[in-house]
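Summary of the model geometry
If you want the building blocks of each chain, they are given just below.
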Amino acid sequence: MTESNIVPQSPMSAVLGKFPGAQRALFRRYHIGGCSSCGFQPTETLSEVCARNGSLDVAEVLAHIQSSHEQDAKILISPAELAGLLQRDKSVKLVDVRSREEFEAVNIAGSVLLSQDVMRELMASGSNKCSIVVIDHQGKNALDATAYFMGHGLQCVRCLRGGIDAWSVDVDPKLSRYHLEQT
């Protein structure tokens, strides 16, 4: 067993459970998991995925996933850290990437729902002077949006660890919590 408890025989569901950004990391370096032609099943093992994608070295792939996970951790901001940042810096932009229905039901004061107009404004500013914090429901999808903004040159972008759900537990218990049904 490795330090992370992920071994070549681990199913991809376990890999993604331990390293939520693994699919993004696999796609970025190896073009695995981003579309139907290069996707994988949750029951496939890491070894099987590597074997059918050019016989990739499993240890190298796992090292890349772990390294990517460590990089993801550097762009996360805890709810408590964000609360402090918002008190110190009124220019922080909170960008919510949830659905309109979720946003309208509950949101962090001052946040804006990501739309085409908001996206254009953020990208056109090209500014790295004010911080952007990306928010989702539980911190799973916002990393992708954060990586997208960073990939387009914005450097002061962070992702709220645990999303609005963690915010409502750690900072503002008056915000309603909710559960999304899996389809």
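In short, a report on the structure.

Basis of the calculations
Residues numbered from 1 in each chain as written. Predicted model: local features only at pLDDT ≥ 70, side-chain atom pairs only at ≥ 80, totals over all residues. Heavy atoms only, no water. Pairing = 2+ DSSP bridges. Helix = DSSP H or I, 4+ residues; strand = E, 2+ residues; numbered from the N terminus. Contact = heavy atoms within 4.5 Å. Axes fitted to C-alpha atoms, helices over the stretch in contact; angles between N-to-C directions. 1 Å grid on protein atoms, 1.4 Å probe; cavity = no way out; pocket = protein on both sides within 12 Å on 5 of 7 lines; lining within 4 Å. Points joined across faces, edges and corners; volume = space filled by probe spheres on them. Nonpolar A, V, L, I, M, F, W, Y, C, P; charged D, E, K, R; others polar. Buried < 20%, exposed > 50% of the residue type's maximum accessible area, 1.4 Å probe, protein only. Arc of directions from axis to C-beta. Core = buried A, V, L, I, M, F, W, Y, C linked by side-chain atoms within 4.5 Å.

Each strand in a sheet pairs with its neighbour through backbone hydrogen bonds, running either in the same direction (parallel) or in the opposite one (antiparallel). Pairing in this open sheet of five strands is parallel, and the strands run β1-β5-β4-β2-β3 from one edge to the other. The open sheet is flanked by β1 (76-77) and β3 (112-113), the only strands paired with a single partner. Bridge count for β1 against strand β5 (residues 157-160) is two bridges, and the pairing is parallel. In the sheet register, isoleucine 77 faces β5, and the bridge partner there is leucine 160. In the packing of helix α7 (residues 116-125) onto the sheet, the strands contacted are β2 (93-96), β3 and β4 (132-135), and the crossing angle to β2 comes to about 140 degrees.

Here we come to the layout of surface pockets. Put simply, the largest pocket is a space of about 530 Å³. Surrounding the largest pocket, 17 residues form its lining, Asp136, His137, Gln138, Lys140 and Asn141 being those nearest its centre. Elements with a contribution of two residues or more to the lining of the largest pocket: α2 (22-30) and α8 (142-151). When grouped by side-chain class, the residues that make up the lining of the largest pocket number four nonpolar, seven polar and six charged. Taken as a whole, the second largest pocket spans an internal volume of roughly 210 Å³. Every residue along the wall of the second largest pocket is listed here: Pro20, Gly21, His69, Asp72, Ala73, Leu76, Gln138, Gly139, Lys140, Leu143, Arg161 and Gly162. For the lining of the second largest pocket, the per-class residue count stands at four nonpolar, five polar and three charged.

Another aspect to go through is α7. Within the span of α7, buried status applies to Val118, Met119 and Leu122. An end-on view of α7 places all buried positions within 100 degrees of arc, on one side of the element. Within α7, the exposed residues directed more than 90 degrees away from the buried face are Gln116, Asp117 and Ala124.

Once that is clear, we can look at the nonpolar core. In terms of nonpolar packing, the biggest core is built from 16 residues, with Met12, Val15, Leu26, Leu46, Val61 and Ile65 touching the most fellow members. Residue assignment for this core shows that the elements contributing at least two residues are α1 (12-18), α2, α3 (46-51) and α4 (58-75). Element by element, the count of residues in this core is highest for α4, at four residues. Apart from residues no more than four positions distant in its own chain, leucine 46 is found in contact with Ile6, Val7, Pro8, Ser10, Met12, Val15, Val58, Val61, Leu62 and Ile65.

Looking now at the environment of isoleucine 75. Residue placement: isoleucine 75 occurs in helix α4. In the structure, isoleucine 75 is positioned twelve residues away from glutamine 87 in sequence and 20 Å away in space, judged by C-alpha atoms. Not counting the four nearest positions on each side in its chain, isoleucine 75 is found in contact with Leu143, Thr146, Met150, Val157, Arg158 and Cys159.

All we've got here are geometric facts, nothing functional implied.
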